[in-house]
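# Secondary and tertiary structure notes
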Amino acid sequence: MLRDITAANRISWNAIHDDRPGQPAAFFTAGGSTLGADEIAAAGEVSGHRLLHLACSCGDEALSWATLGASVTGVDISEVAIDLACAKSAHSGIQSTSAGPTCSTSRPI
């Protein structure tokens with residue numbers, strides 16, 4: 001039963017991600033960030049630290065943390081979201097890593 005619920009959840013998230021693309025890669029290339037000042041202040045210096053971002057969606061926050069120097073791994077249930085995050089990383093030149101629904105493999109985002 002839990003596998004059925006998880007599969008239905010994945011299907012639902014995959015279906016909506018084309019309508020939730022987040023910021024374009026150029027936004028991050030130009031130094032943009034989706035993080036609020038309060039989030040950055042609360043985290044303190046992240047350069048050189050590893051960060052695991054669960055439910056990373058299309059990768060906007062993961063890429064924002066990576067631009068601050070963190071080594072980021074984003075995980076999401078949606079393959080569509082992970083593909084989008086990977087494309088943004090490739091186009092922006094900001095390195096991060098992602099893991100899809102099974103978490104058995106990872107790839108640069």
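Refer to the structure presented above.
Residues numbered from 1 in each chain as written. Predicted model: local features only at pLDDT ≥ 70, side-chain atom pairs only at ≥ 80, totals over all residues. Heavy atoms only, no water.

## Here we look at helix 5 (residues 79-92)
Each α-helix winds once per 3.6 residues, and so residues spaced three or four apart point in a common direction. Note the cut-off: Helix numbers and strand numbers start at the N terminus; a helix is a DSSP run of H or I with at least 4 residues, a strand a run of E with at least 2. One fewer than the residue count of a helix, multiplied by 1.5 Å, yields its expected span. Exposed residues in this analysis have more than 50% of their type's maximum accessible area, buried residues have under 20%, and partly exposed residues fall in between, with area computed by a 1.4 Å probe over protein chains only. Directions pointing from the helix axis toward each C-beta atom define the arc.
With 14 residues, helix 5 ought to run about 20 Å at 1.5 Å a step, and its terminal C-alpha atoms sit 20 Å apart, in line with that. Those residues of helix 5 that sit buried are Ala81, Ile82, Ala85, Cys86, Lys88, Ser89 and Ser92. The arc that holds every buried residue of helix 5, seen down its axis, measures 160 degrees, which confines them to one face. Pointing more than 90 degrees away from the buried face of helix 5 are the exposed residues Ala90 and His91. Phi turns positive, to about 80 degrees, at glycine 93, one or two residues after helix 5.

## Some remarks on the nonpolar core
Going by this rule: Residues grouped as a nonpolar core are buried Ala, Val, Leu, Ile, Met, Phe, Trp, Tyr and Cys residues, joined through side-chain atoms within 4.5 Å. Only heavy atoms enter the contact rule, under which two residues are in contact if any of them lie within 4.5 Å.
Of all hydrophobic cores here, the largest spans ten residues; its members are Phe28, Leu35, Val46, Ala62, Leu63, Trp65, Ala66, Ala70, Val72 and Ile94. Excluding residues within four positions of it along the chain, leucine 35 makes contact with Ile40, Glu61, Ser64, Trp65 and Leu68.

## What to know about a nonpolar patch on the surface
The condition that has to hold: Patch definition: residues above 30% relative accessible area lacking any salt bridge, with like charges linked at up to 9 Å and the nonpolar side chains Val, Leu, Ile, Met, Phe, Trp and Tyr linked at up to 5 Å. What sets the accessible areas is the Shrake-Rupley method with a 1.4 Å probe; for residues, cover comes only from the shown protein chains. Any carboxyl oxygen of Asp or Glu that lies within 4 Å of a side-chain nitrogen of Lys or Arg is treated as forming a salt bridge with it.
The grouping of Met1, Leu2 and Ile5 at the surface amounts to a nonpolar patch, some 400 Å² of accessible area in total. For isoleucine 5, the position within the fold is in helix 1 (residues 2-16). For isoleucine 5, a relative accessible area of 48% puts it in the partly exposed group.

## Concerning the pairing of strand 1 (residues 50-54)
The criterion, for reference: Two strands qualify as a pair provided DSSP detects at least 2 bridges between them. By convention, orient the strands away from the viewer: a clockwise path from the first strand over the helix to the second makes the crossover right-handed.
As defined by bridge partners, strand 1 adjoins strand 2 (residues 71-75) across five bridges and the pair is classed as parallel. Bridge pairing links arginine 50 to serine 71 in strand 2. The β-α-β motif built from strand 1, the intervening helix 4 (residues 60-67) and the parallel element strand 2 has right-handed crossover chirality.

## As for the state of the cysteines
Counted only if it meets this: For this text, the term disulfide refers to a pair of cysteine sulfurs within 2.5 Å.
Counting across every chain of the model gives zero disulfides. Its sulfur unpaired, cysteine 58 is 8.2 Å from the next cysteine sulfur, which belongs to cysteine 56. Classification of cysteine 58 by relative accessible area gives buried; the value is 5%. The thiol of cysteine 86 is unpaired, and the distance to the nearest cysteine sulfur, on cysteine 56, comes to 8.6 Å. For cysteine 86, a relative accessible area of 11% puts it in the buried group.

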